Amino acid sequence: RRRASIRKLPAGETLGSTTVICTDKTGTLTQNQMTVQQVVVGDCVLEVGGNGYEPEGDLTLEGKRWTPDDAPGVIECLLAGLLCNDSALVQKEGRWDAQGDPTEVALIVAARKAGLEDAAATSRLPRVDAIPFESQHQFMATLHDDAEQGGKLVYLKGAVEVVLDRCKAALDAGGRPLPLDRGRMQEQVARLASAGLRVLAFARAEVPRDTQRLSVHDLPGHFTFLGLQGMMDPPRPEAMDAVAACHRAGIQVKMITGDHAGTAVAIGRQLGLVRELPAPDRPPALTGKELAALADESLIEVAQNVSVFARVSPEQKLRLVEALQARGHVVAMTGDGVNDG
């Protein structure tokens, strides 16, 4: 009736005995249709209008339409998202079509709303080399030739913690360098994440003119922090129904994601995975860093009681599944990434 075929019937019997479903978040529980809604540079918070991939919408600052003269540092943050990017936004038959990762396309759309164009940016700062995004590193980096200044630049985008760890300074909204206020940035990240926004951080560093290659281990440690972009990826309505159906059937559902814990918890609440007031022994979320500190015996107990796991590496996904199996659970894993498979 469902037009499905199974080569070995015991696989279907095992599936019918599932007690826990572990699921990725982005693109599985959420729609994977990203739209940048806020850009944070220094103490400047811009609201980004518009929805979807149509590059139409105003950037507003304190209710007034923003222009580059108001906060030129914003351009640097948006430029980083445009250049440290492997995706494209093209117009086909009168409509805009995303080619590549939806997160990266959202960054292109936000940059275009501010008046930046891909062709002009890549012509002025052509790419020389790149480190593609990988979940274990949680960042992407690109090397660019800056002919106007006679040097080379590296742009970095990724998880806030990873980017901040490599930064020594920051740009303010006026584009001026200043000491990096990590506490203030973490407050902004928490604010964005609590609203369910997925947050990416951006940075830039100058490197010697003769640099031709980038490697993970040789990236400079003197990046300048450029800012944050927070994007909305709404939950799938059908995922809310599926989670509720699983709970009615006595099946636990656990979200395992590489995203920020605050974002994961906010989405988890919308999906019914996280209780508004968790019990003392059930924190709303556990991070990969906290998981790494747990012995296997402790993890078996924690995995049973927590529903959201954030900033988790592919290896830790496997460790979580094995911990649940050690408790006697029949565990299913679903997601759209190769590490989920």
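The rules behind each value
Residues numbered from 1 in each chain as written. Predicted model: local features only at pLDDT ≥ 70, side-chain atom pairs only at ≥ 80, totals over all residues. Heavy atoms only, no water. Helix = DSSP H or I, 4+ residues; strand = E, 2+ residues; numbered from the N terminus. Buried < 20%, exposed > 50% of the residue type's maximum accessible area, 1.4 Å probe, protein only. Lys, Arg positive; Asp, Glu negative; His and termini not counted. Salt bridge = Lys/Arg side-chain N within 4 Å of Asp/Glu carboxyl O. Contact = heavy atoms within 4.5 Å. Polar contact = N/O pair within 3.5 Å; in protein donor to acceptor, adjacent residues only side chain to side chain. Expected span 1.5 Å × (residues − 1). Arc of directions from axis to C-beta.

## Quick word on the side chain of Asp24
Reasoning step 1: Mapping Asp24 onto the fold places it in the loop between strand 1 (20-23) and strand 2 (35-41).
Reasoning step 2: Lacking a salt bridge, the buried Asp24 has Lys317 as its closest oppositely charged neighbour, with an N-O distance of 4.0 Å.
Reasoning step 3: For Asp24, the residues in contact, after removing those within four places along its chain, are Leu29, Ile256, Thr257, Lys317, Met333, Thr334, Gly335, Asp336 and Asp340.

## Remarks on the side chain of Asn305
Reasoning step 1: The residue Asn305 is located in helix 10 (residues 296-305) in this model.
Reasoning step 2: Of note is the side chain of Asn305, whose polar atom sits 3.4 Å from the side chain of Glu301.

## As for helix 8 (residues 261-271)
Reasoning step 1: All buried positions along helix 8 are accounted for by Thr263, Ala264, Val265, Ala266, Ile267, Gly268 and Leu271.
Reasoning step 2: Taken from the residues just after helix 8, Gly272 is the one with a positive phi, measuring 85°.

## Details of helix 6 (residues 182-194)
Reasoning step 1: Spanning 13 residues, helix 6 covers 18 Å between terminal C-alpha atoms, matching the ideal 18 Å at 1.5 Å per step.
Reasoning step 2: For helix 6, the set of buried residues is Met185, Gln188, Val189, Leu192 and Ala193. Down the axis, helix 6 shows its buried residues gathered within 130° of arc, on one side only.
Reasoning step 3: Buried residues in helix 6 make contact with strand 2, strand 3 (44-48), helix 5 (160-165), strand 13 (197-207), strand 14 (223-232) and helix 8.

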